Structure formats: structure tokens, C-alpha cells
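Close look at the chain arrangement
This is what each chain is made of:
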Amino acid sequence: MNFEGLDPGLAEYAPAMHSALDPVLDAHLNPSLLQNVELDPEGVALEALPVQESVHIMEGVYSELHSVVAEVGVPVSVSHFDLHEEMLWVGSHGGHATSFFGPALERYSSFQVNGSDDIRQIQSLENGILFLTKNNLKYMARGGLIIFDYLLDENEDMHSLLLTDSSTLLIGGLQNHILEIDLNTVQETQKYAVETPGVTIMRQTNRFFFCGHTSGKVSLRDLRTFKVEHEFDAFSGSLSDFDVHGNLLAACGFSSRLTGLACDRFLKVYDLRMMRAITPLQVHVDPAFLRFIPTYTSRLAIISQSGQCQFCEPTGLANPADIFHVNPVGPLLMTFDVSASKQALAFGDSEGCVHLWTDSPEPSFNPYSRETEFALPCLVDSLPPLDWSQDLLPLSLIPVPLTTDTLLSDWPAANSAPAPRRAPPVDAEILRTMKKVGFIGYAPNPRTKLRNQIPYRLKESDSEFDSFSQVTESPVGREEEPHLHVSKKYRKVTIKYSKLGLEDFDFKHYNKTLFAGLEPHIPNAYCNCMIQVLYFLEPVRCLIQNHLCQKEFCLACELGFLFHMLDLSRGDPCQGSNFLRAFRTIPEASALGLILADSDEASGKGNLARLIQRWNRFILTQLHQDMQELEVPQAYRGAGGSSFCSSGDSVIGQLFSCEMENCSLCRCGSETVRASSTLLFTLSYPDDKTGKNYDFAQVLKRSICLDQNTQAWCDNCEKYQPTIQTRNIRHLPDILVINCEVNSSKEADFWRMQAEVAFKMAVKKHGGEISKNKEFALADWKELGSPEGVLVCPSIEELKNVWLPFSIRMKMTRNKGLDVCNWTDGDEMQWGPARAEEEHGVYVYDLMATVVHILDSRTGGSLVAHIKVGETYHQRKEGVTHQQWYLFNDFLIEPIDKHEAVQFDMNWKVPAILYYVKRNLNSRYNLNIKNPIEASVLLAEASLARKQRKTHTTFIPLMLNEMPQIGDLVGLDAEFVTLNEEEAELRSDGTKSTIKPSQMSVARITCVRGQGPNEGIPFIDDYISTQEQVVDYLTQYSGIKPGDLDAKISSKHLTTLKSTYLKLRFLIDIGVKFVGHGLQKDFRVINLMVPKDQVLDTVYLFHMPRKRMISLRFLAWYFLDLKIQGETHDSIEDARTALQLYRKYLELSKNGTEPESFHKVLKGLYEKGRKMDWKVPEPEGQTSPKNAAVFSSVLAL
């Protein structure tokens, strides 16, 4: 760089030119403030207060990191974290601005903004900083140069500014108007009138402007017109501060008392969905400032002027333990701000000091900050410029020290040979799937690496095997990624969504059986494999479907509804959305950590093996408790008459419960015996590293009859004493459930070692008879068909990684002992099949299911199940009687060899749960299913809404003489609200790819009569109450408004989802035919499985192959001359219109006898639609089925 052109006079610094920048002690302030402050001879301000060199910061807990002096003795009026750079801006009461760089608070710039007035607000922009004083708006560069200076009227008293977009600014204060300033032209563009005494605080969300008034009110104004939409009268005295986050508004202020204004220790909290106040939050400090700090939750930071800071949830209770103290130099805190990253808090006090509190030793103020520009140092000695384009330029112009040693650049020729970087080898998965056309190969992208990125590890870190959360990352250069060891059918399956959603996704590619899989995209669907295990236990399936109770969120009821869907499905996947919705409402599930956040579930951060084992224990306990409730309401009778019910223990207890005696023996000789029961056992492994052989039966016996030494209370000694605790079995369960507890490398090594020992023993036992594969010679097949029969020798592949037996034999001894041994096919042939039942107390258990954790570094892992499907299921689905092992991986179902169910390669396939069932279990129980849903569910019921009146009734319930029969028509329509928005990404070619669809919840269900004198009159019009947060009510398309689903303020007929679900289930079971438009989506969101012959969907009746689907609004206009769905949708209107369209279809197609003539009608429909661009012309006088004569009969009734 050439510095010759610079003015040398710039290097001379004249302090007199910058006297305004020198800190001067205010004459009105106390001179004693400078007692402990030293100034250097040049008069430069103190850089920072003395701070200890090592400041210990605890991760996640805010602690003080630095304190600096902005201006000695001059109170700090405002602080602001820069939104673009790692800087903190501070304004003083003297009109001086100072900036500090980074968490070390190094002084960056300092300049005077106003000579007399204090700085009231600071706002950072990309190119500079906005400073607001009483009647002046100044835009300055970060170094102090003025970009523009906008003077306001002298009578103005401005207090707040709000940046609405990159070029528009709102300024408000103690006057009856708010100014809108265009930052590009620096002109006033609009003036909005507000009520006196004006606005002092302004906030903005994507819905409203929020204006805080000194009168104690907070007004919500429209983003376009600035008109008042809502108003909250928060405090009777004055407003101190407020903040908005999500759907919550929190405010603090002062209340009027007899002696004047007093700080109110109750924070006012408002729900912006319902536009009403919720329970005020009592805090333990005098709140002067508050901010939401939404890191993990919507927590609030409440600050008092005395320096107390308290964190609490806005909808919870404040805890005095969450208070920390800021130690200000002055008596009062004057300002408070939070960084954009929520990692840093800034406090300014009345003596000019700034305190920085952080939750980490090296915080960042912004998630993505740009690099800060610093002033160039003054170069005294400059070297002459060199033009490298001139070949004759002497290099001696650059001074080099004289040396006799060899220069570093003087390399020998051997080391200077060109060595091009070798191309990395092609991915093994690409080579495996490649198809060659000539000399060009084509293969799908295995997505093992990030797009356009090369992995580069800066630091080698040892990855521990702890908890099997993820597979150890492969080192750089090793192309064989860990997930390639995972067999393709075991990998995590995902649904690829298109423009049509799920309609064109080929589920048959993953499931060629008639059994139903489960969809994985629903939150907490990690338990899909366990739901399948419970379903394929025949007594559990029948028991659950016979159960029905009146609880709104009963897991047994919802599981029964899901089992009914799995029964009806013919290979199509089902979803457990209603079951998982009820599961999320159970407090115990949340307390046990069974409810995963979406981010943890997507990234695989949750420890799935431990999670599914806790879920297994939870679901058995919950079903056991639900079945013990014997009081069955009259409307739900039928469950009480089930053959499963008993007066004592539940049938879940009969199936899974194991009765035990726990004996505690103290060293004083005192013995205590207590009876108990458990629904499952956890394996306890021996602490043996010698490689000793242990049968699985030995480990199981050790886990069931557990002996341990522990401290326990002794009544005889009257104190805690070392005791020997033993456990004896009184009664064995019919279904033996085992949690494997392989949660660390220690247990994994034990399984791996025992499998290796078992493999060696099996090879030694069979000798040379073991084949390398499963092919047999012709003579072997002849022997297999002979009457005597021979045992088929397993192959080597079948013996690898096998330690688990297919059957175990358990015997109760007379002295309350338990004998457990592995039971093989050879034992069966030696002792005979009836040998186990001849002797009392001897039982044989067969392996029925194994749930395994698949370790996959790419997807974070998944859970799958191997299930032995019995004869009854094959008989119902396929009409054959045999048993077969299947792999259930969400919606992927594939038959497997039985040895695959017990093979566990601990590198990627880890056992989690085992299910053993007693032989001939089904013969011990009555497996008849009686539908517990009766016609009484359709009769009139009370609404949950408190304000619902008869005048608002939109339907007439069915009378006893109107009960539907098989084949009757019912018009159906449903409206939905959104619980979670969809997650999508834009590809490099501009197309959108849906990663996760939006989660919908049914909000309104309407059924209308399809025949009879009251045809078209609704008999169900239920609004569904929801306890989950609604993201979007979709009012334009659903007609649902905020408050319609709230029992406190709704005027609609509000019911629970379970109540309406039972009504629809009864209609499906009775055999009615549903008529509607787009019923496939309706039934999917409601979570119902309806046989195809019971669905008459007008979207398919009026559809030509390979053409677009036509909207109900266009069909109604074209065929019925009706103009519906004007402003919003109405489910009554849509259901009635679909019925009329179906009647029109029968008329046009002559009841389906003339398809050719109806095809011509459809061609005319599509031609008209293309000409109209599928848009209905604007109505002159809108007609609707509501105004038809049929609706008048509703009012008459």
C-alpha cells in the first residue's frame, strides 16, 4: 500500500481540538466520587474498574463478567447491544455516547451526541447508530461522524423510537401524536394521533404495534392503519416497562395508593390469543425493568432499581432462590438491556458505571456478528511501493538482513517435485448402487456428506460409547461411514412429501404385507414399535378393544381405537396421533421425561434405548391403572360386561404381574417380609471380566431373584443397618417382560463376549455339520421329509451374534425357589411337548418380540421391533394359519428369518426390550371382542362451553326413530386448525421440499342427515376443545375464530375429541356411507380408518384421470348454481352441498349406469374450468344452501 499521498499533518494529534471529548466532572456532583479513580496525565477517561484477573462463570447461570466506567459521576441513561457487531452502546444524561467492544468491554469510540439533553434511546442500523434525545434524532457512524441530524419541534418531548423496517422509524413521546420518519429521505411521512399523555414505550410483533402509556395502559394497534385494536388497562398509576414474546405480554408499573404511587409487585400477564389477562405473577423485587429471555423457555428477567434481578416463568410461580444481585457503584440502576443472543445482560447505574453479566465465559452478543473495523495504526516508516509486473525491478529494494545460513525457501529439488492431491475414493454405497450406461455410471446420492462441503476436523476428540446415543464418528479419510454397516431395512424410514402430500407416496414399496405400519412424523412417535408389540399380543388386543371409559384422556381407550384401525387396515399405514395427543397430556409422562421436544427427536439427541424402556414400564403401569377403574357410566356400558373384568386385579395385572416376597435380613437377626408385585424385570449383569460363559437363563434368574446388600431401616435396632435383601417369586406372569438395560459399553461388551462364547460352543457342538449358507443337498431334503425327521443344522451366519434363546423353561420349587434354563428344540423332542405342563409349577416361555435400538450416526438412531405374528392374525388378514417373524420399522414391514430376531451386532443393533409369553397363552383367555360403543352416544349431550345457549344451537340431535341403518347416507365435513407449521427447505434449483408437514388438529365436525324428511339438517355440529397451543386458526378456510375452542368464552357447542370420535366410530361400525368433499384428509386428521366402500367422495366422483382435483366451490357453482364459501368456510354448508352434489351425480350418471354420458359432462366441466381459470365469478347476490328452503325447517324444528 502506498502511503506517500497521505497528509503528514494528520499524524499530529492536538488535544485542544477535542476538548469536548474529554471527561469532565459535573460541578453539581459529589467530588468524592473521584477518590478511588485515577486519571492519566493526558486526561483520558478511566478505561475500566479493577476486576479480578480470573472470573469464574458457571455455564447457564448469569454472573458478572466485567464492569467499566462510561463517564465518571454522570448517570447512564440508556444502554443498547449492537445488532450487527460485537459492541455495547451506552448513552449518558450529559448527552455523551460511548461504545465498548466485545465481552472484555474495550473502549471503541466515544463522542458527544447532544450538548444539553440526555440520550433517551439508541438503535443500531447496518451503517450507523440512531440516537434519540428530547427533540432531536441523530444518525451517526460508529466512529462518531454525523450522517444526518433531524431536528424536531422545540415543544416535542420524545421518549421512544421503533424501527418498523429497514427504512421506516416511529418516534413517540409525551404528546398526542407519533411521527413516522423515512430514513432514506429523512422526512416526516405520517403523523398518527394517540391519546394524551402520549407513548413512552413501543414494541412490535408480526400482529400488532404495542404502545405503552404513562397512564398505565397498553394499546395494541394495527400494523397498517395504526388504529387501536385492543387495549389493556394494566396499572392504575403508571407504566414502568413491558415486553412481548410469542402469545404473552408482561408489564410492570405503579399503582395508586393513598400516599401516592407505589411500585406494584404483581406483574400483569396477558394472553394475546384470547386477548385477556391471566393470573398475575407475584415477584419478590420491586420491578422497574423486565425482558423476556427465551432461551429454553419463555422466562422473564425482572430488575429493580436497587439492583435485584429475578428470573421466573410468566405462567408459573416466582422462586426467591432465582434472585441475584447486581452491585452498582451508585444507589440506583438506570438502564437494562439484553443481547440478541440472550447470553449477555447490561446494567447501567447512576454513577456512570456499566456492568456486564453473562452466562458463559466467552459470550457473543449476536448469533452472527460481522467483523468490526478498527482504525489503522499510523505508519511512521513506509517502504517504497513495488510493481511486481515489472520484470527488471530489483528485489534489493526490500531490505533483507545479511545471513550466511541457508534460506528457508532454498529447498532441494527432491522436495520440490510436484505432487498433485489424489482424488478421494468413491463412496462404497455409490459403487454398490451404480448403474452403468456405456462408460458412464449413474447412482443416487447417498447423502453421506454435506452438499458442496468437505469435512475437516480441527480437533480429534475421543468419542465415548456412553448410552449408545450415537455411533462413533469415522476418522477423516475413511470412506466407509458407520451407517453403511446398518442393513437398509433397519435404517430410519422417512416420508418424502410432494405437492400432493402423501397421496403419491408409495407405501406398498415398504410394506407388501396386509399388516398396518405406523407413520413416524408425529411428535413422540418413537414408541411405534412398542404399540405394534402390544397389538400383536392377542389377549392385550382383545382386552384393550373391550375397554371404554368416560375419562377424556384415557390411554387404554385411545389404544383401543388405534388397535381397531390396525384391524381394519389392509396394508395401509395408520397414525397414532390421538393416542400420542392423550399421551402428552399425562403428567406422569412428562415427569418421567418421556415427552421429547421436536428438535431432540429430529436430531436424535434423546437416548432412545433408555427412553423406550421407561415408556414400556409407564404404559404397562398406566394400562393397569386404567383397567382397575370398575365404575362404568351407563352410556358406555359394555366394557363392564366384558369377560376380562374381575373384581380384584385388572387383567393387565393377570397378564404381566409377577407376585414376589421381599425379605430383608438385618445383622441383628431380625427379618422383615413384604409382598409386592412388578409388571416387568430389568436385567442385572454379573461383574465378571474373565470371559466366563453365562447362559441367558442364569442372568435372568439372577435378575428376578435379586440378592443385594443395602442400608435399610430395622425396627428392632431402630436405626438404618446393613441388610441382606432377597426376592422370592410367588407367582409367575403369563407374559414375561424384560428391560435389557444395555446403556453403556460395559453391558454391550458383556453381550458381545457372551455371543462370541456361545458361537464357539455351537460350532464345537455341531462340528463339521455347519454349512456356510442355508442351501441343502437333495438328500437332506429327502431326510427332512422322512417320517423320522432330522434337525436342520444352522448355518454360520445364523449362529453369529446370538446369545438369546427362543424359549426358556421356568420351574417353581417347593422352597419358594426358581429354576430357569434355556429350552431348545432338542429338549422339545427329548422330553415331549407335554412334559412342561405335566408337573405343577413348570412353564415354558417362547420369545414373542424383541425391541432393538439401531445406532446410525446419520439419522441419530431409531427403534425397531421383531415380532412373531401368530396364527390368528394371519387368519384374519391373509386367510392362512401359520406363524412368521416380521420386522416392524414404522411403516416398513418385512418378513424375516427367526434367527434375525435374536442376532444383535452390538456395533449398530442393541437389544432394549424382550417379550416372552407362556406357551398356549391364548387358550387361557376369552378372545371375543364386543364393541362397547352403543347408540346412546348419538343422543343429546351437554356442551362444555359456559356461554352456550339454545339460540346458538346449529344442529338437532337424532331421535330414537332416526337412528341410522346400514347403507344410510350421512353428509360429513370437518374444519381444522394448525398446531405446528410445516418445515420446508428450498433446494438450489428453487423448488420447495417439505421436511415435516404441518400438524393439524380437528376443530369442528359436522354430520347432516342424508335422507328422510329432515334431509340436509345437521345432527352433529361439534366444536372440539383443545388444550394444545394453536398456531393458526385458519379462519379464512375453517371459519374457526380465536375463542371458539375455549370453554370459558365460547358460544359454540363445545365437546371433547373423544366424545365426537365415539359418534363417528358408531356410524362407521353401523355401516353408514359418508358423503363429503376431500374426506380422505378429514378422516386422516380425525384419525379414523373407514372402509372404502363406506366413503362417497365428490372430489373423486367429479374427477377425470390425470387431471386436477376440482374444488367444492366450483362444483357447486357449475352444477347447483350455488355460490358458497364467500368469506369463510362453513362445515354445515359444505356437508349439505356435498350431499346435493352426490344427488346430482346420481342424476347425471343414471345411478352409475351410463358412464359414457357422464364422461361427456366431466369434459364440459373441465373445459369450463380452464376458461374460467377455475375461479367462481364474483356474486351479485350470493346464494347459499343456508338460505335454501331446507334450512328453514331447522328453524321450524
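Residues numbered from 1 in each chain as written. Predicted model: local features only at pLDDT ≥ 70, side-chain atom pairs only at ≥ 80, totals over all residues. Heavy atoms only, no water.

A tally of helices and strands in the protein chain yields 24 helices and 53 strands. Burial status across the protein chain gives 47% buried among its 1197 residues. (Helix = DSSP H or I, 4+ residues; strand = E, 2+ residues; numbered from the N terminus. Buried < 20%, exposed > 50% of the residue type's maximum accessible area, 1.4 Å probe, protein only.)

Next up on the list: the nonpolar core. If you look at the biggest cluster of nonpolar residues, it comprises 105 residues, and the most contacted ones within it are Tyr526, Ile612, Trp615, Phe656, Ile735, Tyr915 and Phe1074. Leaving out residues up to four positions away in the same chain, Ile735 has contacts with Leu537, Val540, Leu655, Phe656, Tyr915, Tyr916, Val917 and Leu921. In terms of nonpolar packing, the next biggest core, distinct from the first, is built from 57 residues, Leu700, Trp751, Leu887 and Val910 among them. (Core = buried A, V, L, I, M, F, W, Y, C linked by side-chain atoms within 4.5 Å. Contact = heavy atoms within 4.5 Å.)

Relative orientation of the contacting elements helix α21 (residues 1112-1120) and helix α23 (residues 1155-1172) amounts to 115°, with a least axis distance of 12 Å. Of the two possible hands of crossing, α21 and α23 adopt the one that is right-handed. The residues of α23 that touch α21, namely those facing Phe1114, Leu1115, Trp1117, Tyr1118 and Phe1119, are Val1161, Gly1164, Leu1165, Lys1168, Gly1169 and Met1172. Its residues placed into classes, the contact of α21 with α23 shows eight nonpolar, two polar and one charged. (Axes fitted to C-alpha atoms, helices over the stretch in contact; angles between N-to-C directions. Left-handed = near helix turned anticlockwise from the far one by under 90°. Nonpolar A, V, L, I, M, F, W, Y, C, P; charged D, E, K, R; others polar.)

With that settled, the discussion passes to the sheet that holds strand β27 (residues 323-325). Strand order in the open sheet formed by four strands is β24-β25-β26-β27, with antiparallel pairing between adjacent strands. This sheet does not close on itself; its edge strands, each paired only once, are β24 (289-293) and β27. On average, adjacent strands in this sheet sit at an angle of 20° to one another, irrespective of strand direction. Pairing analysis gives four bridges linking strand β25 (residues 299-303) to strand β26 (residues 308-312), with the strands arranged antiparallel. Note on β26: the bridge partner recorded for Ile302 is Gln310. (Pairing = 2+ DSSP bridges.)

Turning next to the pattern of salt bridges. Applying the stated criterion across every chain, the model contains 35 salt bridges. We note a salt bridge from Asp286 to Arg265, for which the minimum N-O separation is 2.8 Å. Here Asp286, found in the loop between β23 (281-282) and β24, pairs with Arg265, found in the loop between β20 (260-263) and β21 (266-271); they are 21 residues apart in sequence, far enough to count as distant. One network of salt bridges, with partners in common, ties together Asp82, Glu85, Arg142 and Arg370. (Salt bridge = Lys/Arg side-chain N within 4 Å of Asp/Glu carboxyl O.)

Next up on the list: the sheet that holds strand β14 (residues 199-204). Within the open sheet, the four strands sit side by side as β14-β15-β16-β17. Their pairing is antiparallel. Two strands lie at the open edges of the sheet, namely β14 and β17 (228-233), each paired on one side alone. Pairwise comparison of adjacent strand axes, ignoring direction, gives a mean angle of 20° for this sheet. Where β14 and strand β15 (residues 208-213) come together, five bridges link them in antiparallel fashion. The partner of Met202 across the bridge, within β15, is Cys211.

Per the counting criterion, the structure on display carries 52 aromatic pairs. Ring centres 5.6 Å apart and planes at 80° place the aromatic pair Phe696 and Trp803 in the edge-to-face group. Of this pair, Phe696 sits in helix α10 (residues 696-704) while Trp803 sits in the loop between α13 (796-799) and β39 (807-812), and the two are 107 residues apart along the sequence. Judged by relative accessible area, Trp803 falls into the buried class, the value being 8%. For the pair Phe750 and Trp803, a centre-to-centre distance of 5.7 Å together with 85° between the ring planes defines the contact as edge-to-face. Taken together, the residues span a long stretch of sequence, with Phe750 in helix α11 (residues 745-766) and Trp803 in the loop between α13 and β39 at a distance of 53 residues. (Phe/Tyr/Trp six-rings, centres within 6.5 Å; stacked < 30°, edge-to-face > 60°.)

As a further point, take the UniProt feature "binding site: a divalent metal cation" (unreviewed entry) in the protein chain. Residues annotated in UniProt with the feature "binding site: a divalent metal cation" (unreviewed entry) correspond here to Asp973, Glu975, Asp1082 and Asp1134. Spanning 162 residues, the annotated positions come together in the fold, the maximum distance between their C-alpha atoms being 12.8 Å. Relative to the helices and strands, Glu975 resides in strand β46 (residues 969-980). The exposure class assigned to Glu975 is buried, which follows from its relative accessible area of 6%. Among all residues touching Glu975, those that are not within four sequence positions of it are Ser1001, Val1002, Ala1003, Arg1004, Tyr1037, Ser1038, Ile1040, His1129, Asp1130, Ser1131 and Asp1134. Assignment of secondary structure puts Asp1082 in helix α19 (residues 1079-1086). When its relative accessible area of 4% is taken as the criterion, Asp1082 is described as buried. (UniProt positions renumbered as here; feature names shortened; annotations may be inferred.)

Moving on to the side chain of Asp846. Mapped onto the elements, Asp846 comes out in strand β41 (residues 842-854). According to the relative accessible area criterion, Asp846 is buried, its value standing at 14%. Excluding its chain neighbours within four sequence positions, the residues that come into contact with Asp846 are Phe806, Ser807, Tyr915, Tyr916, Val917 and Arg919.

This brings us to the pairing of β15. With six of six residues buried, β15 lies mostly within the body of the structure. Of the two faces of β15, the one holding Phe208, Phe210 and Gly212 and the one holding Phe209, Cys211 and His213 are both buried throughout. Joining the antiparallel neighbours β14 and β15 is a turn of three residues. Inspection of the sheet shows β15 paired to strand β16 (residues 217-222) by five bridges, in the antiparallel sense. Bridge pairing in β16 places Phe209 opposite Arg221. Taking the residues between adjacent antiparallel strands as the criterion, β15 and β16 are bridged by three residues, where Gly216 takes a positive phi near 100°.

What follows is about the environment of Lys496. Here Lys496 lies in the loop between β32 (440-442) and α2 (528-535). The exposure class of Lys496 is exposed, given its relative accessible area of 64%. The sequence separation of Lys496 and Ile995 amounts to 499 residues, and the corresponding C-alpha distance is 7.5 Å.

Turning next to the side chain of Asp349. Counting through the fold element by element, Asp349 comes out in strand β29 (residues 344-349). Within the local environment of Asp349, its side chain forms a polar contact with the backbone nitrogen of Val329, the two atoms lying 2.9 Å apart. Residues contacting Asp349, with those up to four places away along its chain left out, are Pro75, Val76, Pro328, Val329, Gly330, Leu332, Leu333, Met334 and His355. (Polar contact = N/O pair within 3.5 Å; in protein donor to acceptor, adjacent residues only side chain to side chain.)

On to the confidence of the model for the protein chain. Caution applies to low-pLDDT regions: their predicted coordinates should not be interpreted in detail. Looking at the protein chain, the pLDDT average stands at 81 and 82% of residues meet or exceed 70. Every residue in residues 774-791 is under pLDDT 50, and counting partners more than four places away or in other chains gives ten contacts. (pLDDT = per-residue confidence, 0-100.)

Attention now moves to unusual backbone geometry. Phi is positive for Glu718, close to 55°, though the residue is something other than glycine. Residue classification places Glu718 among the exposed residues on the basis of a relative accessible area of 60%. One non-glycine residue, Leu1034, lies in the positive phi region at around 50°. Residue position: Leu1034 is located in the loop between β50 (1018-1024) and α17 (1035-1038).

With respect to burial, helix α3 (residues 538-546) is a largely interior element, nine of its nine residues being buried. Restricting attention to buried positions, one finds in α3 the residues Glu538, Pro539, Val540, Arg541, Cys542, Leu543, Ile544, Gln545 and Asn546. The inward-facing, buried residues of α3 contact α2, α4 (555-568), α8 (608-627), α9 (651-656), β38 (735-739) and α16 (871-878).

This brings us to α2. Counting buried positions over the eight residues of α2 gives eight, a clear majority of the element. Of the positions making up α2, those classed as buried are Asn528, Cys529, Met530, Ile531, Gln532, Val533, Leu534 and Tyr535.

We now examine the pairing of β24. Counting buried residues in β24 gives five out of five residues, a clear majority hidden from the surface. The side-chain alternation of β24 yields two buried faces, one formed by Phe289, Arg291 and Ile293 and the other by Leu290 and Phe292.

Inspection of every chain in the model, using the stated rule, returns zero disulfides. Cys717 provides the cysteine sulfur closest to Cys714, a residue in no disulfide bond, and the two sulfurs are 3.7 Å apart. The exposure class of Cys714 is buried, given its relative accessible area of 4%. (Disulfide = S-S within 2.5 Å.)

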